[in-house]
Amino acid sequence: MWEGIYTGITTAVMPFNLLMMFVGCFAGTFIGMLPGLGPVSAVALMIPVTYGLDPSSGIILMAGVYYGAVFGASTSSILINAPGCSSTVVTAFDGYPLAQQGQAGKALALAAYSSFTGGTIGAIFLLLFAPMLAKVSLSFQSSDYFALMVLGLTAVAAFAGKGNILKALMMCVLGLMLSTVGTDRSNGVERFTFGSIEFIDGLSFLLLAMATFALAEVVMSVMDRATNAQQDQASNASSLGSMKLTKAEIKQVAPTMARSSVMGFVVGVLPGAGATIASFLAYGVERNLSSKEDKKMFGKGSLKGLAAPESANNAASTGSFVPLLTLGIPGSGTTAVMLGALIAYGIQPGPQLFVDHPDVFWSVIISMYLGNIVLLILNLPLIPYIAKLLEIPRTILIPLILFFSLTGVYLVSFNAFDIQVMVIICIAAIGLKLLDFPLAPMLLGFILGGMLEDNLRRALLINDDSMSFMWERPLTAIIMALAMLALFGQPLLNLVRAKLGQGKSQNVFDAE
Amino acid sequence: MTIAKDRIGGLIFLALSIAYGYSTTLIPMYPGDEYEVFTAKTLPFSLAIIGVVLSLALLFSARHEEKSRIPDLDWLIAIKLIALMVVYGAVLEFLGFLIGTTLFLLCGYWLLGERRKLILFFCSLPLVIFFWYVLTQLLDIYLAPGAFMTWIGGV
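Residues numbered from 1 in each chain as written. Chains lettered and ligands numbered in written order. Predicted model: local features only at pLDDT ≥ 70, side-chain atom pairs only at ≥ 80, totals over all residues.

Asks: Please clarify how the overall build of chain A should be interpreted in this entry.
Replies: Within chain A, the secondary structure is distributed over 23 helices and two strands. The globule rule puts the C-alpha radius of gyration for 512 residues at 24 Å, and the 22 Å found for chain A is close to it. Expressed along its principal axes, the backbone C-alpha trace of chain A runs to roughly 65 × 55 × 50 Å. The buried share among the 512 residues of chain A stands at 61%. Sequence separation of at least 24 residues holds for 79% of the intrachain contacts in chain A that already meet a minimum separation of 6. (Helix = DSSP H or I, 4+ residues; strand = E, 2+ residues; numbered from the N terminus. Rg over C-alpha atoms; globule rule 2.2 N^0.38 Å. Buried ≥ 20, exposed ≤ 12 C-beta atoms within 10 Å, placed from the backbone. Contact = placed C-beta atoms within 7 Å.)

Right under this line is the structure:
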């Protein structure tokens, strides 16, 4: 392990990689700050840039963009009450009231400290647990992988569905369907190409990610008059006020940060749960734990209420790398995009990553730690200037983002036909969003589709064409049982609650 | 205007699943595949069935769905931007990266309501030239000049 850490440190502190970390954190903060563009879009926008880099640098850049975007999103939550992504919705509950009270500077500084704490604690846990899990997962077989992917998909559906599991599951299936377009990887049969040369290689992952998470999000944000109004408000944002926290305040929020970080990490590791759930959960727990006096402050500018979700969402972002690096299964939309990028490099994340590409594995982990320091150094003094960036008119920003997304895809394929496909997917994605279908499960289904089919096929081959491995192999059976639990757990719980007459018990998610 | 989101979503997905299921029958098979348990058709066929079941479940659960209001959205601007992207895709290879992208950005700024001439100019051509320089000179990515440029230059 020490050897690995050493490899990681030497790779991560190479000047070019440090530069990538800075660039990533900065670009991420900037993109994440734009309302509507969250970490998924930020990382997706970076993919074309990383194609020219070597794998470690590319993934370090994307990791930087990831936590930069999570931090950036909280800036817009605090300053203009327009969360950049779902994981910072909670940040706005107490952050925006603080900003209205003229304490925007303090709120931003506290968000930066909380993010740092969450990210650092997350990185330390990642360092401890990822190698352990990677070693264990070396003994996994195809059937276990198949089960894990089913677990990943059901978990995403259960958590990302915003209450509607059916719709999220349908999007998983849609993603899986899209992944079958093109040439079948194991016997070379063309599927769903309808005789067109353009589809023989299948749909490009980058194209799908950009069209759904960059184009569609941007067009939606232009369409939404409410966001436009909020943006106009931003240009009259008042002064930031002092950025200093008193000793008493630090003492007050320190335990909150620690608790929320640990909880955030654990939630982040669970496939599908991710930063949004973590931030809501941390907020709810802190509200319940605090004294009556403090409880009244929640929603009106409580420091605890700001520190909890900020620590939790950063810790969860780090935590979501555990399943990605050790099992090759992304736990969230963002890590799904990163998985796609790693595969494009010819690197298959999973237990073998630890063995075949120790430099990538370790440098990502070390860069998480360094990245958090970079983020703090970069953001604390830059807060006043970053706030100014929100004043760039949308009339300029939006065409530029569209341009980056379109050329990002075009520069990889050099095929103008792809731009048209992107537009079609973008229109479909807007329709799906209007009908309340979540898009992240689709992306995850698309990424996992090929692997799921390969592993199922292999598991059947090994097992003489019998599905009995599903219940005969203990590990597979346990994972499948967890998948079923993820799927039916919540409805069952609701049913039990309704029977017991506690159906109206307060839920942390009601806060939304 | 109000719509029943779940019912519409369910119906669309049902139609999609059925069309997808029908298309699976068009996947060619190898001789001997009929004895195989897992062929190129297996997963798509299962997905089609799962899709149908899920959409029926959504339709069934949406029987009593209350119609919800369509949020107040600015459709016109979305249509304009989408049309702009389609045109960009269509003319990019003819006009070349430099001219095509400059026009795309200019039209984009204009559509969103930017009328200040200085901003319109400085955020388009110089920016595109900068990107063109970074891409072609620094990153060594070849960008075709475009049929139009070749025609003008007579190259």
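Further notes follow.
Asks: I keep staring at the overall build of chain B and nothing clicks. Help me out?
Replies: Regarding its fold elements, chain B presents seven helices and two strands. In chain B, the succession of helices and strands from N to C terminus is β-α-α-β-α-α-α-α-α. Taking 2.2 N^0.38 as the reference for a compact globule, 155 residues should give roughly 15 Å; the C-alpha atoms of chain B span a radius of gyration of 25 Å, well beyond that estimate.

Asks: It is not clear to me how the environment of Ala216 of chain A should be interpreted in this structure. Could you clarify?
Replies: Residue and element names in this part refer to chain A. You can see Ala216 is positioned in helix α9 (residues 205-223). Looking at Ala216, the number of C-beta atoms within 10 Å reads 25, which means it is buried. In this structure the C-alpha to C-alpha distance between Ala216 and Ala428, which are 212 residues apart in sequence, comes to 8.7 Å. Dropping the residues within four chain positions of it, Ala216 is found in contact with Ala211, Cys426, Ala429, Ile430 and Lys433.

Asks: How do you make sense of the interface of chain A and chain B when you look at a structure like this?
Replies: The extent of an interface is frequently quoted as the accessible surface area lost upon association of the parts. In this complex, chain A contributes 41 residues to the contact, which on the side of chain B involves 48 residues. At the level of secondary structure, the elements contributing two or more residues to the side of chain A that touches chain B comprise α8 (165-179), α9, α19 (394-413), α20 (417-434) and α21 (440-462) of chain A. When residues of the side of chain A that touches chain B are assigned to their parent elements, the largest contribution, nine residues, is made by α19 of chain A. A class-by-class count of the residues in the side of chain A that touches chain B yields 26 nonpolar, five polar and ten charged. (Nonpolar A, V, L, I, M, F, W, Y, C, P; charged D, E, K, R; others polar.)

Asks: Sorry if this is basic, but what is going on with the domain arrangement of chain B here?
Replies: Its domain assignment divides chain B into domain 1 (2-69) and domain 2 (75-153). When each unit is reduced to the centre of its C-alpha atoms, the spacing between domain 1 of chain B and domain 2 of chain B is 40 Å. (Domains from an automatic or database assignment.)

Asks: Would you take a moment to explain α20 of chain A for this structure?
Replies: Because an α-helix completes one turn every 3.6 residues, residues spaced three or four positions apart along the sequence face the same direction. In this model α20 of chain A runs 26 Å from its N-terminal to its C-terminal C-alpha over 18 residues, within 8% of the 26 Å that 1.5 Å per residue would give. Among all positions in α20 of chain A, only Asp418, Ile419, Val421, Met422, Val423, Ile425, Cys426, Ala429, Ile430 and Leu432 of chain A are buried. Considering only its buried residues, α20 of chain A is in contact with α9 and α19 of chain A together with α3 (75-95) of chain B. Backbone geometry just after α20 of chain A places Asp436 of chain A at a positive phi near 70°. (Expected span 1.5 Å × (residues − 1).)

Asks: What should I look at first to understand the environment of Ala344 of chain A in this one?
Replies: Residue and element names in this part refer to chain A. You can see Ala344 is positioned in helix α16 (residues 333-344). Take Ala344: there are 17 C-beta atoms within 10 Å of it, and that puts it in the partly exposed class. On a C-alpha basis, the gap between Ala344 and Val90 in space is 34 Å, while along the polypeptide they are 254 residues apart.

Asks: What exactly am I supposed to notice about the nonpolar core here?
Replies: Core analysis: the biggest nonpolar cluster contains 200 residues, and Cys172, Met210 and Met422 of chain A have the highest contact counts within it. Mapped onto the domain boundaries, this core takes at least three residues apiece from domain 1 (2-69) and domain 2 (75-153) of chain B. Non-local contacts of Cys172 of chain A, meaning those with residues more than four positions away in its chain, are made with Leu153, Val156, Ala157, Pro441, Met442, Leu444 and Gly445 of chain A. (Core = buried A, V, L, I, M, F, W, Y, C linked by C-beta atoms within 7 Å.)

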